[in-house]
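Coordinate inspection notes
Next come the chains, spelled out residue by residue.
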Amino acid sequence: MLRIVNRVFLALVGLVLLVLGGSVLAVRLGAPAPSWWIHQDRHDVLLSDAERTRWRDAGWWWPVVIAVLAVLLLLALWWLVSVLRRRRLAEVLVDTGDGEGALLRGRALEDALTGEAARIDGVDRSRAHLTGRRSAPEARVRLALEPHVDPGAALDDFTTGALTHARTSAGLASLPAEVRLTGVKHHAERVS
């Protein structure tokens, strides 16, 4: 979804800038101005002194200008962070043996890893994310363990079970994983 929004947004911004820049260049080179253009002569400036200073004395002008610029800056920063932060693998290349290959959705493999890891005895919650390249994915997994569970046994159950099943079902030679183990908060037990 983020990829589609990103492409549509960039296409719209590019189209607006292309139309405006092209029309300014065309009018400046002597072409007739389009009917929607704000000036008719090639010697006209985009903003005259009167247009530029018309709202300067109004009390609402500068707060509105600053607010609009701040919103545009925040939107641009949000977009930049969302593009740079996207580290999740969208597709995994599966070798089908016929030389063609198939694409497996990364989210499907993440859901399978998460679901199978959550069924391990003593695991309260799990979460998996795929990173890396399509041909060489890597898994980042978080396991929230219940208080009575041995972390070594839970890690061994995960690597021999869920991780091995994900690797073999996707036809991968290896699936390196970084597993973070955390404990679930619990109340003190009463001893009698």
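Conventions adopted
- Position numbers for residues start from 1 in each chain and track the written sequence from start to end.
- Totals for whole chains, interfaces and linings use every residue, but because this is a predicted model, local features are given only for residues with pLDDT of at least 70 and side-chain atom pairs only at 80 or more, for both listing and counting.
- Hydrogens are left out, water is left out, and the side-chain values use all remaining heavy atoms of the structure.
- Runs of H or I in DSSP of at least four residues are treated as helices and runs of E of at least two as strands, each being numbered from the N terminus.
- Radius of gyration: over C-alpha atoms. The globule rule applied is 2.2 Å multiplied by the number of residues raised to the 0.38 power.
- Note on exposure labels: buried denotes an accessible area under 20% of the residue type's maximum, exposed denotes more than 50%, and partly exposed covers the range between, all computed with a 1.4 Å probe on protein chains only.
- Nitrogen and oxygen atoms within 3.5 Å of one another constitute a polar contact, given that in protein one can donate a hydrogen and the other can accept it, and given that sequence-neighbouring residues count only through two side-chain atoms.
- Pairing between two strands requires that DSSP report at least two bridges joining them.
- Every angle, taken between N-to-C directions, lies between 0 and 180 degrees, and every axis is a line fitted to C-alpha atoms, over only the stretch in contact when it is a helix.
- Residues are treated as being in contact if the distance between any of their heavy atoms lies within 4.5 Å.

For the chain, the helix and strand inventory stands at five helices and five strands. Ordering the α and β elements of the chain from the N terminus gives α-α-α-β-β-α-β-β-α-β. Since a compact globule built from 192 residues should have a radius of gyration of about 16 Å, the 29 Å found for the chain marks it as more spread out than a globular shape. Expressed as lengths along the three principal axes of its C-alpha atoms, the size of the chain is roughly 85 × 60 × 20 Å.

Looking now at the environment of Ser169. Assignment of secondary structure puts Ser169 in helix α5 (residues 151–169). The exposed category is assigned to Ser169, whose relative accessible area is 56%. Residues Ser169 and Val94, 75 residues apart in the sequence, show an inter-C-alpha distance of 9.1 Å. There is a polar contact of 3.2 Å between the side chain of Ser169 and the backbone oxygen of Ala166.

Here three strands make up an open sheet; going across it, the order is β3-β4-β5 and the pairing mixed. At either margin of the open sheet sits one strand with a lone partner, and together these are β3 (123–132) and β5 (177–183). Strand-to-strand twist across the sheet, computed as the mean angle between neighbouring axes with direction ignored, equals 15 degrees. Judged from the nine bridges that link them, β3 and strand β4 (residues 137–145) form a sheet pairing that is antiparallel. The residue of β4 that forms the bridge with Leu130 is Ala139. Relative to β3, helix α4 (residues 106–118) is tilted by about 155 degrees, and along the sheet it contacts β3 and β4.

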